[in-house]
Amino acid sequence: MKRRNTPAKNTILNLLKNAGNALSQEMIEAEVKGEMDRVTIYRVLNSFCEDGVTHRILSDEGKYYFALCLDCHHHEHHTHDHFHFRCVGCQKVECLEEQVTVQLPQGYRRESISSWVTGYCAGCS
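Along each chain, the written sequence defines residue order, and numbers are assigned to residues from 1. Confidence filtering applies because this is a predicted model: local features only for residues at pLDDT of at least 70, side-chain atom pairs given and counted only at 80 or more, and all residues used for totals across whole chains, interfaces and linings. The side-chain figures draw on all heavy atoms in the structure; neither hydrogens nor water molecules are used.

### Details of the packing of helix H1 (residues 7–19) against helix H2 (residues 25–32)
Alright, step 1. It is at 11 Å that the axes of H1 and H2 come closest, and there the two elements cross at 110°. Looking at the two axes, H1 sits roughly perpendicular to H2. Considering the relative orientation of H1 and H2, their crossing is right-handed. Contact residues: Thr11, Ile12 and Leu15 in H1; Ile28, Glu31 and Val32 in H2.
Alright, step 2. When residues are sorted by character, Ala, Val, Leu, Ile, Met, Phe, Trp, Tyr, Cys and Pro go into the nonpolar class, Asp, Glu, Lys and Arg into the charged class, and all the rest, Gly among them, into the polar class. Within the contact of H1 with H2, the residues separate by chemical class into four nonpolar, one polar and one charged. Think of each axis as a best-fit line through the C-alpha atoms, taken over the contacting stretch in the case of a helix, with angles from 0 to 180 degrees between the N-to-C directions. Helix numbers and strand numbers start at the N terminus; a helix is a DSSP run of H or I with at least 4 residues, a strand a run of E with at least 2. For this classification, under 35 degrees means roughly parallel, over 145 means roughly antiparallel, 65 to 115 means roughly perpendicular, and everything else is oblique. Two helices that cross are described as forming a left-handed crossing if the nearer one is turned anticlockwise from the farther one by less than a right angle, and a right-handed crossing if clockwise. Contacts are residue-level and defined by heavy atoms, with any inter-residue pair within 4.5 Å sufficient.

### Some points on the pattern of salt bridges
Alright, step 1. Just to be clear on terms, a salt bridge is a Lys or Arg side-chain nitrogen sitting within 4 Å of an Asp or Glu carboxyl oxygen. Inspection of every chain in the model, using the stated rule, returns two salt bridges.
Alright, step 2. A salt bridge links Arg38 to Glu29; the nearest nitrogen and oxygen atoms lie 2.9 Å apart.
Alright, step 3. Of the residues examined, Glu29 reaches a relative accessible area of 22% and is grouped as partly exposed.
Alright, step 4. Linking Glu94 and Lys92 is a salt bridge whose minimum nitrogen-to-oxygen distance equals 3.8 Å.
Alright, step 5. Remark: exposure states derive from per-residue accessible area (1.4 Å probe, protein chains only) relative to the maximum for the residue type, with buried under 20%, exposed over 50%, and partly exposed in between. Given a relative accessible area of 26%, Glu94 falls into the partly exposed group.
Alright, step 6. Here Lys92 falls in the partly exposed class, since its relative accessible area comes to 28%.

Geometric values such as these leave the question of function open.
Structure, rendered in structure tokens:
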């Protein structure tokens, strides 16, 4: 479905592009400083997920982070079976390149894989 472009979408997309790592809704709210309300941000982020612009990551702390999809083609098989790294120092969340594979028993069908590594990033080490 083709959705219309809005100033809110452009602002959030630019924030995600410029961040270079995943952002939580709260981080985005802090960046826009009242330009848009929480519900608008929530709707934009969900539409980005539905349209394959971003993927949503549920962290080990129970918070969702949103990362831009790179080299994804939504019309093809759209998966994000890779590790994510969360720095316990600065709270930065990054997608790691390594793909996760798991051999399931016969008859099982995988929907998705969510894997986290926590520690300290190079800037906090």
